[in-house]
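# Observations on the model geometry
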Amino acid sequence: MKLIDGKQTATEIKKEIAAEVREMVAAGAKKPHLAAILVGHDGGSETYVAFKIKDCEEVGFKSSLIRFEDDVTEEQLLAKVNELNNDDDVDGFIVQLPLPKHISEQKVIEAIDPTKDVDGFHPINVGRMVIGLPCFVSATPDGIVELLKRHNIETSGKDCVVVGRSNIVGRPMSVLMSQKAINATVTVAHSRTKDLEVLCSKADILIAAIGIPEFIKGKMVKEGAVVIDVGTTRVKSDQTKSGFKLKGDVAFDEVAEKCSYITPVPGGVGPMTRVALLKNTLLAAKREIYN
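An account of the accompanying structure is given in this report. (Residues numbered from 1 in each chain as written. Predicted model: local features only at pLDDT ≥ 70, side-chain atom pairs only at ≥ 80, totals over all residues. Heavy atoms only, no water.)

## Overview of the overall build of the protein
A tally of helices and strands in the protein yields ten helices and eleven strands. Dimensions of the protein, computed from C-alpha atoms along their principal axes, come out at roughly 50 × 40 × 35 Å. Residues counted as buried form 49% of the 291 residues belonging to the protein. Considering only contacts in the protein between residues 6 or more positions apart, those separated by 24 or more positions represent 70%. About 14,000 Å² of surface is accessible on the protein, with carbon and sulfur atoms providing 51% of the total. (Helix = DSSP H or I, 4+ residues; strand = E, 2+ residues; numbered from the N terminus. Buried < 20%, exposed > 50% of the residue type's maximum accessible area, 1.4 Å probe, protein only. Contact = heavy atoms within 4.5 Å. Areas by Shrake-Rupley, 256 points an atom, 1.4 Å probe, with all protein chains shown as cover.)

Structure follows, in structure tokens:
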């Protein structure tokens, strides 16, 4: 079994991005600018946004954080989105999810200018991805594809099962894995899939993105399979100072001994998600997707 070290891979990519930013600035261009809107004080979101700001500092980006309390109205949030859409200094921005229940996440996503939608959630970017046009690809699926490429994992002709059908991970992941650059044969499974255990156990590449801690057990994994664990559920733990621990969707100890490659949690897909956001922001700053 080989551990797919997302943290190390992300560090290498950040160095590449930083070098490119230095060249841009030396040539007279401005620093890429990533902005983030954070609503409320969700622990996971707070941590994730803090990491994003730190990542920006490491690669030489300018970053901005706009905060709102949980009682912000939908109109106020949409007004801020519109403001960022029209701010020429902001190359790309994200609205950190989840949002409070009184705000329509879909309405907010659709209000973001697709040319600044570095999370890759806008229907225009999703549609362009599906038909293979240049676009901002959703960060987690893009990060996973990069991990597979950089670890020289064979994907062409392989059977890939994606467990999970979310618009953020599962669906775009299935599209990317089936495209000509990857050439896998893809099945999308979910909690209602019949004979899920049997289906998973036949996968050459198993991508777990169902959001249930340790859902994938050893008996569900084929000998020699590549296992990508997207799960990041915070569960209570008396072994950490924070009182919480991140758990993946894969029962790591059971599965690791059977597979050829596996991503850990934390330190696997998470860092690659963040670095994919940096890649999209750099593309936005260079106007390489939308001229």
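## Structural notes on the side chain of Thr-263
Mapped onto the elements of the fold, Thr-263 is located in the loop between strand 11 (261-262) and helix 10 (269-285). The buried category is assigned to Thr-263, whose relative accessible area is 1%. Discounting chain neighbours no more than four positions away, the residues touching Thr-263 are Ile-4, Leu-147, Val-227, Ile-228, Asp-229, Phe-252, Gly-268 and Val-269.

## Quick word on the pattern of salt bridges
Throughout the structure, instances matching the rule amount to 19 salt bridges. A salt bridge links Glu-20 to Lys-286; the nearest nitrogen and oxygen atoms lie 2.2 Å apart. With Glu-20 in helix 1 (residues 6-26) and Lys-286 in the segment after helix 10, this pair connects stretches of sequence that are 266 residues apart. With its nearest N and O atoms 3.0 Å apart, the salt bridge here joins Glu-74 to Lys-107. Here Glu-74 is found in helix 3 (residues 74-85), whereas its partner Lys-107 is found in helix 4 (residues 105-111), with 33 residues between them in sequence. The class of Glu-74 is buried, set by a relative accessible area of 12%. Look at Lys-107 and you get partly exposed, because its relative accessible area is 43%. Through salt bridges with shared partners, a single network forms among Lys-14, Lys-54, Asp-55, Glu-58 and Arg-274. (Salt bridge = Lys/Arg side-chain N within 4 Å of Asp/Glu carboxyl O.)

## Some words on the sheet that holds strand 5 (residues 159-163)
Strand order in the open sheet formed by six strands is 1-11-8-7-5-6, and the pairing between neighbours is parallel. Two strands close off the open sheet at either side, each with one partner strand: strand 1 (2-3) and strand 6 (185-189). (Pairing = 2+ DSSP bridges.)

## Structural notes on the sheet that holds strand 2 (residues 33-39)
Here we have three strands laid out as an open sheet, ordered 3-2-4, and parallel in their pairing. This sheet does not close on itself; its edge strands, each paired only once, are strand 3 (62-68) and strand 4 (92-95). Mean inter-strand twist for the sheet, computed between neighbouring axes without regard to direction, equals 15 degrees. In the sheet, strand 2 pairs with strand 4 via four bridges, with the strands oriented parallel. Across the sheet, Ile-37 pairs through a bridge with Val-95, a residue of strand 4. (Axes fitted to C-alpha atoms, helices over the stretch in contact; angles between N-to-C directions.)

## Some remarks on the packing of aromatic side chains
Under the definition given, this model contains one aromatic pair. Their ring planes at 55 degrees and their centres at 5.9 Å tell us that Phe-136 and Tyr-290 sit as a pair that is tilted. Placement of the pair is Phe-136 in the loop between helix 5 (123-130) and helix 6 (139-150) and Tyr-290 in the segment after helix 10, with a sequence separation of 154 residues. (Phe/Tyr/Trp six-rings, centres within 6.5 Å; stacked < 30°, edge-to-face > 60°.)

## Observations concerning the packing of helix 1 against helix 6
One can describe the packing of helix 1 onto helix 6 by two numbers: an axis separation of 11 Å at closest approach and a directional angle of 95 degrees. Between helix 1 and helix 6, the crossing angle belongs to the class labelled roughly perpendicular. Facing helix 1, whose interface residues are Gly-6, Thr-9, Glu-12, Ile-13 and Glu-16, helix 6 presents Glu-146, Leu-147 and Arg-150. Of the residues in the contact of helix 1 with helix 6, the class split is two nonpolar, two polar and four charged. (Parallel < 35°, antiparallel > 145°, perpendicular 65-115°, else oblique. Nonpolar A, V, L, I, M, F, W, Y, C, P; charged D, E, K, R; others polar.)

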